[in-house]
Amino acid sequence: MRRALLAITGLAAGTTALVVLKGAPGAGQATPDVPAALAPVAPGGSAAPEPPSPTGSAPGVTPSPRASSKPTPKPSADRSAASRGGTRTSTAPAAPRTTTSAPKVTTRTVTGPSVTYEYGSLQVRITLSGSRIVDATAIGLPLGGQSGQRSDDVQARYSGTSGEVVARQSANLSTVSGATYTSTAYKQSLQAALDKA
């Protein structure tokens, strides 16, 4: 019990002396705080005598604070962490982050020329996202009758977001059975649109 009381008293006096030394103008570098568990013990079992106080007071006596025109600076969080064995953190501002974003993909529409064939004329309009075809449709196809039926067959096979044009990404399309003229005109206008794109 006596050892513990002496150790606590020594620690309190040492801490007070350290604060006074750190705050005194022109004071040299102070030694770091030593925890009570690591404080040196004299051979007789009592705590080692503490070093003389800079103010000349007796050991174990708390020196009175000096009157000063400057306030005593408080230890920063970095000093406290370092005295506890922690790591010192840098307070320098972080470098600005540079982010690279992917280039924006542009969507555009290109229309091929009007191609005249056996049953009328047609044009193919394609929509591209970047360089990829995402949609295709034929404009001006004949309506009604047998030529309208052939036009519907060609439109159903080639056009749309899931048609053969989008699947193959080219004008190399298979000919629709029974609609050879319409298929050929579609492919010609499509190729011209791809050449313009």
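Residues numbered from 1 in each chain as written. Predicted model: local features only at pLDDT ≥ 70, side-chain atom pairs only at ≥ 80, totals over all residues. Heavy atoms only, no water.

1. Thoughts on the overall build of the protein chain
Of the regular secondary structure elements, the protein chain holds 5 helices and 4 strands. When its helices and strands are written in sequence order, the protein chain yields α-α-β-β-β-β-α-α-α. Looking at the protein chain as a whole, 22% of its 197 residues qualify as buried. Of the contacts made within the protein chain by residues no fewer than 6 positions apart, 44% connect residues no fewer than 24 positions apart. Summed over its atoms, the accessible surface of the protein chain is roughly 13700 Å², and 56% of this surface lies on carbon and sulfur atoms. (Helix = DSSP H or I, 4+ residues; strand = E, 2+ residues; numbered from the N terminus. Buried < 20%, exposed > 50% of the residue type's maximum accessible area, 1.4 Å probe, protein only. Contact = heavy atoms within 4.5 Å. Areas by Shrake-Rupley, 256 points an atom, 1.4 Å probe, with all protein chains shown as cover.)

2. Some words on the nonpolar core
L122, I126, Y158, V165, Y186 and L190 are the most contacted members of the largest nonpolar core, which has 23 residues in total. If you list the elements that add at least two residues to this core, you get β2 (115-117), β3 (120-129), β4 (132-139), α3 (145-158), α4 (164-168) and α5 (180-196). Apart from the residues within four sequence positions on either side, Y186 is in contact with L122, V124, A136, T137, A138, V154, Q155, Y158, S159, V165 and L173. (Core = buried A, V, L, I, M, F, W, Y, C linked by side-chain atoms within 4.5 Å.)

3. With respect to the pairing of β3
Here strand β1 (residues 107-111) pairs with β3 via 5 bridges, running antiparallel. Across the sheet, residue V110 finds its bridge partner in β3, namely I126. Looking at chain direction, β3 and β4 are connected through 7 bridges and run antiparallel. Residue V124 lies in a different strand from β4, and its bridge partner there is A138. (Pairing = 2+ DSSP bridges.)

4. Details of the pattern of salt bridges
Taken as a whole and assessed by the stated rule, the structure comprises 1 salt bridge. Notably, a salt bridge pairs R168 with E164, separated by 3.5 Å at the nearest N-O pair. Here the residue R168 and the residue E164 both occupy positions in helix α4, the gap between them amounting to 4 residues, near one helical turn. Classification of R168 as partly exposed rests on a relative accessible area of 42%. (Salt bridge = Lys/Arg side-chain N within 4 Å of Asp/Glu carboxyl O.)

5. Observations concerning the packing of aromatic side chains
Two aromatic rings are characterised by how far apart their centres lie and by the angle between their planes. Under the counting rule described, the total for this entry stands at 3 aromatic pairs. Ring-pair connections join several aromatic residues into one group, and the members of that group are Y117, Y119 and Y181. (Phe/Tyr/Trp six-rings, centres within 6.5 Å; stacked < 30°, edge-to-face > 60°.)

6. Concerning the packing of α3 against α5
Close contact between α3 and α5 brings their axes to 9 Å; oriented N to C, the two are set at 45 degrees. Of the possible angle classes, the one that applies to α3 and α5 is oblique. α5 is crossed by α3, and the crossing has right-handed handedness. Touching R150, S151, V154, Q155 and Y158 of α3 are T182, S183, Y186 and K187, all from α5. Looking at the contact of α3 with α5 residue by residue, the classes come out as 3 nonpolar, 4 polar and 2 charged. (Axes fitted to C-alpha atoms, helices over the stretch in contact; angles between N-to-C directions. Parallel < 35°, antiparallel > 145°, perpendicular 65-115°, else oblique. Left-handed = near helix turned anticlockwise from the far one by under 90°. Nonpolar A, V, L, I, M, F, W, Y, C, P; charged D, E, K, R; others polar.)

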